[in-house]
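Chain by chain, the residues:
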Amino acid sequence: MAVLLGLVILSIYLFRGKTPQQESSGLGRSMSAFITVAAFLLGALCSGIAGYVGMWVSVRANVRVSSAARRSAREALQIAVRAGGFSALVVVGMAVVGIAILYATFYVLLGVDSPGAMKVTDLPLLLVGYGFGASFVALFAQLGGGIYTKAADVGADLVGKVEQGIPEDDPRNPAVIADLVGDNVGDCAARGADLFESIAAEIISAMILGGTMAQRCKLEDPSGFILFPLVVHSFDLVISSIGIFSIRNTYDSGVLGAVEDPMSILQKGYSVTIVLAVLTFGLSTRWMLYTEQAPSAWLNFALCGLVGIMTAYVFVWITKYYTDYKHEPVRMLALSSSTGHGTNIIAGVSLGLESTALPVLVISIAIVSAYWLGHTSGLVDESGNPTGGLFGTAVATMGMLSTAAYVLTMDMFGPIADNAGGIVEMSQQPESVREITDVLDAVGNTTKATTKGFAIGSAALASFLLFSAYMDEVATFAHVPFNQVDIAIPEVFVGGLLGSMLIFLFSAWACSAVGRTAQEVVKEVRRQFIERPGIMDYKEKPDYGRCVSIVASASLREMIKPGALAIISPIVVGLVFRVLGYYTGHPLLGAKVVAAMLMFATVSGILMALFLNTAGGAWDNAKKYIETGALGGKGSDSHKAAVTGDTVGDPFKDTAGPSLHVLIKMLATITLVMAPIFL
């Protein structure tokens, strides 16, 4: 699909107009077309590799964690964290190295900054293809992975736990292998590709905004502003490694709970990383962003970074509050399970809806305060207007993602611990070992939820940046200023409506794909229990391969429809309204309608993703809370109601929710790449 789309981009770029910058630098149409397509394919390839590395590590680490759990809880925790850390560092490192190599190659090839050649401030616009390639693959990884993991999970739970009454991860369940593979596909591969794409999109949009701002302010040496994001993320690798190594195997004890909670150990590591992030961020702003024209500007930008880092911390805390069973919301949800299945669903939906309020307030404060810090930084253009506002929000986004490697470590930790629990259960280890992996698994659930919160927050900020970069690009191509979108124009308002509709339709298709695939799995598992009665008393071995092949082929088939919707809709909307504008005498109508579509889709997408992720995570942990022995424990009526809630929440939190924040950023990058055809 990436190759097909690459050909489409190539043909569009070969027949489009040139920008004044391209004309002055002598960069021909064919050259810019091949550069964009090469960047797109490289981004797609790197995004795929990022996902593959995550899978490769976790399938090797999980068996080591289950082995370590037989010796001590602390050792199991350490191995799981370091394995997650390894893949996280590879993912972040690849995002930085990929963009650095592209930038350097183009810089040398095109003879940038030599007389009559391209200016360095225009170079970042050539990297847009890379971000689009990355988000293109991430969307399919997230969709396919989400459908795979949740169809297997729902199918295994409904027949195994509810109908047959066997425990989770029991080897007698024919869908158990598909379920465990799904954890890797959905959480390691998909989240690796997702955060890779977040970082790539954020670096590129910050480079574009840094370039345009440096150009407007006529700075002598703009390279500091352009290369700043790469420096920040290189520091991220160092400080996150220190954070990961701060989780050491200090003393041994069989039971974790008696000594300390693994969540607090991970939190300590996170706090170490955040303190280091604040220091390195301050240093790199002073080193990269100091200019003679505005000597105190770097301090303002350092404060923007601080805003971003605090936003990330608060986001992780809010998600933890709503999804961890130590806190009130999940306990109330578990309590509502004692009165039946219906009340559990009502409580879960209302919890999810309520959980959108705080994060939105936090994002709003972050965007406004970062904008104002940038605006008042003292950087002005020729006519004396302050220009640092958007770059301020870009710096805040970098601050938010400046601990991305550690956050991704906490996320990769989840599926590794989950798989380790499955291996312990299937190899019939003593109960004490299963207790250790259960504690790690519950913590992994919370860290997975917090990473999703973090990913949505960064998606919100990054798409705001990409949106500004899109406006900049349209202005460059159209030779007229384009800095606001008027929603009062009926066509523009319709574009907004279509953007919001896209989010709901996409979520619906993603959830129904899980439902359909889960039905196939349920039928297959039931068939095996009926046709092979010896499975239940370990006389016959279930046919695990059938379930694996069902979910694998179904997820590949089902991800195409929502994915195609996401790619085709902005292009179609832009082209239709471009033609309409041509006949009604509104030259920029196509670009304006697409801008509105992007804005509304971002707003609805963020709220929808917050709702889906938090509700799903809370349902899951309410079930886990009851399984610890609360409200009647496993097998009780309230446990059955909680299992229903968890089943409903599965496609919410692992398919539709995570796919949405990738979708938001992909819409933004696709409009950036396709901007010329809307004019």
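You'll find the structure just up there.
None of the values given here were measured: they were computed from a predicted structure.

Draft legend 1. Representation of helix α4 (residues 73–109) in the model. Relative to the 54 Å expected for 37 residues at 1.5 Å per residue, α4 spans 54 Å between its end C-alpha atoms, a close match to the ideal helical length. Where α4 terminates, the next one or two residues include G111, which has phi positive at roughly 55 degrees.

Draft legend 2. Structural view of the pattern of salt bridges. Taken as a whole and judged by the stated rule, the model has 34 salt bridges. With a shortest N-O distance of 3.6 Å, K624 and D620 are connected by a salt bridge. Note that K624 and D620 are positioned in helix α20 (residues 589–627) at a spacing of four residues, about one turn of the helix. A relative accessible area of 13% places K624 in the buried class. For D620, a relative accessible area of 7% translates into the label buried.

Draft legend 3. Region of the structure containing a nonpolar patch on the surface. Together, V278, L299, L303, L306 and M310 make up an exposed nonpolar region whose accessible area comes to about 400 Å². In terms of residues, the nonpolar patch owes the most to one element, helix α10 (residues 297–323), which gives four residues. Within the fold, V278 resides in helix α9 (residues 262–288). Residue V278 is classed as partly exposed on the basis of its relative accessible area, which comes to 34%.

Draft legend 4. Up close: α20. With 39 residues, α20 ought to run about 57 Å at 1.5 Å a step, and its terminal C-alpha atoms sit 56 Å apart, in line with that. Within two residues after α20, G629 carries a phi angle of roughly 115 degrees, on the positive side.

Draft legend 5. The arrangement of the packing of helix α5 (residues 128–164) against helix α18 (residues 544–558) in detail. Closest axis-to-axis distance for the α5/α18 pair is 8 Å, and the angle between their directions is 145 degrees. With respect to the hand of their crossing, α5 and α18 are arranged in right-handed fashion. Each of G144, I147, Y148, A151 and A152 in α5 lies in contact with α18, whose residues at this interface are V548, V551, A552, S555 and E558. Residue composition of the contact of α5 with α18, by class: seven nonpolar, two polar and one charged.

Draft legend 6. Spotlight on the nonpolar core. The biggest cluster of nonpolar side chains holds 200 residues, and the ones touching the most others in it are I99, Y130, F196, F301, L379 and Y470. The element that contributes the greatest number of residues to this core is α20, accounting for 21 residues. Among all residues touching F196, those that are not within four sequence positions of it are G43, C46, S47, A50, V91, M94, A95, Y130 and A134.

Calculation rules
- Residues numbered from 1 in each chain as written.
- Predicted model: local features only at pLDDT ≥ 70, side-chain atom pairs only at ≥ 80, totals over all residues.
- Heavy atoms only, no water.
- Helix = DSSP H or I, 4+ residues; strand = E, 2+ residues; numbered from the N terminus.
- Expected span 1.5 Å × (residues − 1).
- Salt bridge = Lys/Arg side-chain N within 4 Å of Asp/Glu carboxyl O.
- Buried < 20%, exposed > 50% of the residue type's maximum accessible area, 1.4 Å probe, protein only.
- Patch = residues over 30% accessible without salt bridge, like charges linked within 9 Å, V, L, I, M, F, W, Y side chains within 5 Å.
- Areas by Shrake-Rupley, 256 points an atom, 1.4 Å probe, with all protein chains shown as cover.
- Axes fitted to C-alpha atoms, helices over the stretch in contact; angles between N-to-C directions.
- Left-handed = near helix turned anticlockwise from the far one by under 90°.
- Contact = heavy atoms within 4.5 Å.
- Nonpolar A, V, L, I, M, F, W, Y, C, P; charged D, E, K, R; others polar.
- Core = buried A, V, L, I, M, F, W, Y, C linked by side-chain atoms within 4.5 Å.

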